[in-house]
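Observations on chain architecture
Each chain, letter by letter, is given below.
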Amino acid sequence: LSSAKSNSVQVMHVRSLTMKSVVRCLLVVLTVMVTNIVEPIAGKVKNQQIELRLKQLNKQALKSLESSNGELIDCISIANQPAFDHPMLKNHTIQMTPSSYPHEVLTEEDNAPTPSNDEEQPENTVQPWQLVGECPENTIPIKRITKEDLLREDNIKNHGNKSNISQPHQFYHPKDTTNYSGHEYAIASVSDGPYRGTKAQINVWKPRVQEVGESSISQISIIGGKFDAGLNSIQAGSHVHPALYGDDNPRFFIYWTRDNYQNTGCYNLRCPGFVQINKKLTPGYLLTPISTYNGPQVKFTIQMWKDPKTGNWWLQLNDQELIGYWPKEILTNLADEGASVIEWGGEVVNKKKDGQHTTTEMGSGHFPSEGFGKASSFEVIKIIDMNNGLIDPVKVKTLVSRPACYDIKTGYDKKYEVFFYYGGPGRNPNCS
């Protein structure tokens with residue numbers, strides 16, 4: 001009898017195991033079936049979203065050019081450029097030239113000629129795509145956005161936007177790390193506006209960027225209003241941004257926001273806003289050649305100023321190339337007043353992978369203490385006063401997030417006038 005009971009228990013146990021095995025098998029089968037159904041649907045939806053976004057970003061081209069590095073440049077009618085998708089610009093009349101240019105304001109000390117550093121300026125910039133053709137009159141070149149460009153983004157709707165921008169209290173008190181934003185700075189600034197603009201030479205380097213989601217930026221920022229939700233900012237400079245372009249090359253960029261980076265603005269022409277008039281150069285173009293450590297130095301000049309008649313904010317490169325302007329209609333504080341703050345310097349996005357400070361470099365990747373030819377620099381820095389005069393900035397302040405990682409050192413001399421060295425290697429024995 002006991003033997004029969006034992007056999008019965010064993011049979012029930014086997015049946016239980018068999019049922020559990022069947023259930024497991026069914027769950028596996030169902031999982032596979034659901035995955036095979038859901039994943040293709042999800043993939044199809046994402047592809048549809050990407051195609052829709054590409055149609056929004058890429059305008060109909062009158063001519064297309066493919067460069068040796070594989071980039072596609074579309075020649076778009078100047079009247080059909082992305083800017084005019086902005087609801088505030090539906091009836092905007094394109095301004096092809098500024099009403100006036102900023103002028104030098106000479107002092108007694110300026111009577112003696114200063115040494116020329118024109119040899120350090122890049123000559124006529126030739127882009128790879130220009131070797132295969134040029135855009136027709138009344139068109140502008142725009143780099144075509146591809147599916148691969150969007151796939152590098154976490155959110156395709158935010159393609160071309162800055163993310164995790166520091167809040168005002170963090171920006172001015174960088175040691176407050178209670179809500180770390182991931183952005184680190186080494187900048188010089190003036191804040192006794194109003195100002196009508198600025199001009200400076202920027203040293204061109206190719207800083208190493210550790211992660212695709214990180215970037216290294218050398219920029220000029222013109223800011224209007226208080227550091228709150230209504231902050232206006234227009235920016236231009238050089239950056240290495242793998243997520244945006246799919247490479248690690250330094251490129252000229254622009255950016256704007258009218259609400260402290262919350263819902264408005266973008267890089268280059270990746271949203272409606274900036275009006276481009278140049279048919280040779282477009283924001284996002286490659287900066288070549290680059291400076292060599294302890295060797296030849298390459299620089300380019302940026303001038304940004306408010307047109308005294310129209311209120312538009314102009315952008316000019318190397319004293320000769322008018323790129324275009326930020327229309328007053330897309331701005332608030334900068335449209336009504338001059339700039340309240342102007343900043344020059346470097347910024348790094350630090351993702352802190354594995355809890356460590358990034359090795360992404362700022363500038364040349366060397367500290368400012370190394371000086372000329374080794375550290376990156378901003379030189380011949382000017383502010384544009386409310387009379388449209390180019391003058392030396394005064395009461396220049398500096399802000400450094402973490403001096404052991406990136407730093408800044410200001411100076412003045414007859415040749416380079418107001419200048420500073422800045423940058424650093426990121427993670428090192430003193431920065432972890």
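Residues numbered from 1 in each chain as written. Predicted model: local features only at pLDDT ≥ 70, side-chain atom pairs only at ≥ 80, totals over all residues. Heavy atoms only, no water.

Whether parallel or antiparallel, the strands of a sheet pair through hydrogen bonds between backbone atoms. Spatially, the 6 strands line up as an open sheet ordered β9-β8-β7-β14-β5-β17, and their pairing is antiparallel. The open sheet has two edge strands, β9 (251-257) and β17 (397-400), and neither has a second partner. With direction set aside, neighbouring strand axes in the sheet form an average angle of 15 degrees. Note that strand β5 (residues 183-190) and β17 share 4 bridges and pair antiparallel. Note on β17: the bridge partner recorded for I187 is L399. (Pairing = 2+ DSSP bridges. Helix = DSSP H or I, 4+ residues; strand = E, 2+ residues; numbered from the N terminus. Axes fitted to C-alpha atoms, helices over the stretch in contact; angles between N-to-C directions.)

This part covers the nonpolar core. If you look at the biggest cluster of nonpolar residues, it comprises 65 residues, and the most contacted ones within it are F252, I302, L315, W326 and W344. Leaving out residues up to four positions away in the same chain, I302 has contacts with T198, K199, A200, I202, I220, A236, G237, F252, L315, Q316 and L317. With 10 residues, the next largest nonpolar core counts I217, Y245, Y261 and Y267 among its residues. (Core = buried A, V, L, I, M, F, W, Y, C linked by side-chain atoms within 4.5 Å. Buried < 20%, exposed > 50% of the residue type's maximum accessible area, 1.4 Å probe, protein only. Contact = heavy atoms within 4.5 Å.)

The next point concerns a nonpolar patch on the surface. On the surface, V126, L131 and V132 cluster together into a nonpolar patch covering about 310 Å² of accessible area. Along the polypeptide, L131 turns up in the loop between β3 (103-104) and β4 (139-143). (Patch = residues over 30% accessible without salt bridge, like charges linked within 9 Å, V, L, I, M, F, W, Y side chains within 5 Å. Areas by Shrake-Rupley, 256 points an atom, 1.4 Å probe, with all protein chains shown as cover. Salt bridge = Lys/Arg side-chain N within 4 Å of Asp/Glu carboxyl O.)

Next up on the list: the state of the cysteines. Counting across every chain of the model gives 3 disulfides. The residue that forms a disulfide with C75 is C135, at a sulfur-sulfur distance of 2.1 Å. The disulfide joining C75 to C135 has a torsion of about -80 degrees about its S-S bond and is therefore left-handed. With C75 in strand β2 (residues 72-77) and C135 in the loop between β3 and β4, this pair connects stretches of sequence that are 60 residues apart. (Disulfide = S-S within 2.5 Å.)

Here 3 strands make up an open sheet; going across it, the order is β1-β2-β4 and the pairing antiparallel. The sheet is open, and its two edges are formed by β1 (63-66) and β4, each paired on a single side. Taking the axes of each pair of neighbouring strands and ignoring which way they run, one obtains an average angle of 25 degrees across the sheet. Bridge count between β2 and β4: 5 bridges; the pairing is antiparallel. Looking at the pairing, S77 lines up with T139 of β4.

In total, this model carries 6 cavities of 30 Å³ or more according to the counting rule given. Within this model, the second largest cavity holds a volume of roughly 110 Å³. Its residues placed into classes, the lining of the second largest cavity shows 6 nonpolar, 3 polar and 2 charged. (1 Å grid on protein atoms, 1.4 Å probe; cavity = no way out; pocket = protein on both sides within 12 Å on 5 of 7 lines; lining within 4 Å. Points joined across faces, edges and corners; volume = space filled by probe spheres on them. Nonpolar A, V, L, I, M, F, W, Y, C, P; charged D, E, K, R; others polar.)

Following G193, the chain continues to P194 via a peptide bond in cis, the omega torsion being 15 degrees. Between T288 and P289 the backbone carries a cis peptide bond, its omega angle lying at -5 degrees. A positive phi angle, near 65 degrees, is found at N138, a position not held by glycine. Relative to the helices and strands, N138 is located in the loop between β3 and β4. With phi around 70 degrees, N388 is a residue other than glycine that occupies positive phi space. On the basis of relative accessibility, which here comes to 5%, the residue N388 falls in the buried class.

By themselves these figures say nothing about function.
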